[in-house]
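The chain contents come next:
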Amino acid sequence: MSYLKPTYYFDFDNDLIQNLISEVKKDDSKNNQAIRIYTKIRDEWLYDPYHISFSKQKYSASHIAQKTTGNCVEKSILLIACLRALNIPARLHLGKVKNHIAVERLEEKFGTNELTPHGMVNVFLNNEWLKMSPAFNATLCEKFNVEPLEFDGYTNSYLQQYNTQGDLFMEYLEDYGHFNDVPLKFMIENLKTHYPHIFNTETHITEFKI
């Protein structure tokens, strides 16, 4: 199955990825392995949507593994590499979302509370493709009064629609579908289309700190 293979981006043969899964792979249950590695990446890499790169090498799982933060796509890439390393089929899923809570900085930097491309993970467990989103770490969720997304291996876990007070937190606006590998060209064009004031530049800038 192609969703188990290493690629330039999902370079799970790298020692950094193998070290990440070293304890998890001792568990005999694929469900437990998926839950443990999902929770690890969700919480140990803090969510940061304000650093974006156009450089291919910055999107390899082994590069992301050396960081302490990551945006939704980066954290999804790292999780996919780890899942494939555990012999669990996984693929990248992209879409557009809208945030409704604590959006002041988003609107200041991006000019909107819509984020795209938003990354999540499709994982194949128990003969079914499931959606999981490792983007928001538990400490960030606590700050914004949102329950962190938990994954149980049997149901989708990708949408935090409301906060603990019942206020609308997030909604999905568009679904771009799933990808066997990282579609970097599509992602760059998507950014340039939606945020031309930031990314549609004629210079050769590849790193953006928004």
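Quick look at the structure, then.

1. A short note on helix α4 (residues 72-85)
For step 1, the next point in the chain: Here α4 is 14 residues long and its end C-alpha atoms lie 20 Å apart, about the 20 Å a rise of 1.5 Å per residue gives.
For step 2, the next point in the chain: Within α4, 13 of the 14 residues are buried, which leaves the element mostly enclosed by the surrounding structure.
For step 3, the next point in the chain: Taking the backbone nitrogen of Val73 as reference, a side-chain oxygen 3.1 Å away marks Asn71 as the first, capping residue of α4.
For step 4, the next point in the chain: At the C-terminal side of α4, Asn87 shows a positive phi close to 65°.

2. Observations concerning the pairing of strand β5 (residues 114-125)
For step 1, the next point in the chain: Counting buried positions along β5 gives 10 out of 12 residues, so the element sits mostly inside the fold.
For step 2, the next point in the chain: Note: strand β4 (residues 90-99) against β5, 8 bridges, orientation antiparallel. Residue pairing in the sheet places His93 in a bridge with Met120 of β5.
For step 3, the next point in the chain: Bridge count between β5 and strand β6 (residues 128-132): 5 bridges; the pairing is antiparallel. Directly across from Val121, in β6, lies its bridge partner Met132.
For step 4, the next point in the chain: Linkage of β5 to β6, two consecutive antiparallel strands, is achieved through a turn of 2 residues, within which Asn126 is found at a positive phi near 55°.

3. Brief notes about the packing of aromatic side chains
For step 1, the next point in the chain: Counted under the stated rule, the structure contains 15 aromatic pairs.
For step 2, the next point in the chain: An angle of 35° between the planes, with centres 5.9 Å apart, marks the rings of Phe179 and Phe186 as tilted.
For step 3, the next point in the chain: Pairing Tyr195 with Phe199 gives two aromatic rings, centres 6.2 Å apart and planes at 65°, and the pair type is edge-to-face.
For step 4, the next point in the chain: An aromatic cluster is built from Tyr50, Phe54, Phe110, Tyr195, Phe199 and Phe208, whose rings are joined through pairwise contacts.
For step 5, the next point in the chain: The ring of Trp129 is capped by Arg91, whose NZ or CZ atom sits 3.8 Å from the centre of that ring.
For step 6, the next point in the chain: The side chain of Arg105 reaches across the aromatic face of Tyr50, ending 3.8 Å from its centre.

The rules behind the values
Residues numbered from 1 in each chain as written. Predicted model: local features only at pLDDT ≥ 70, side-chain atom pairs only at ≥ 80, totals over all residues. Heavy atoms only, no water. Helix = DSSP H or I, 4+ residues; strand = E, 2+ residues; numbered from the N terminus. Expected span 1.5 Å × (residues − 1). Buried < 20%, exposed > 50% of the residue type's maximum accessible area, 1.4 Å probe, protein only. Polar contact = N/O pair within 3.5 Å; in protein donor to acceptor, adjacent residues only side chain to side chain. Pairing = 2+ DSSP bridges. Phe/Tyr/Trp six-rings, centres within 6.5 Å; stacked < 30°, edge-to-face > 60°. Lys NZ or Arg CZ within 6 Å of the ring centre and 35° of its normal.

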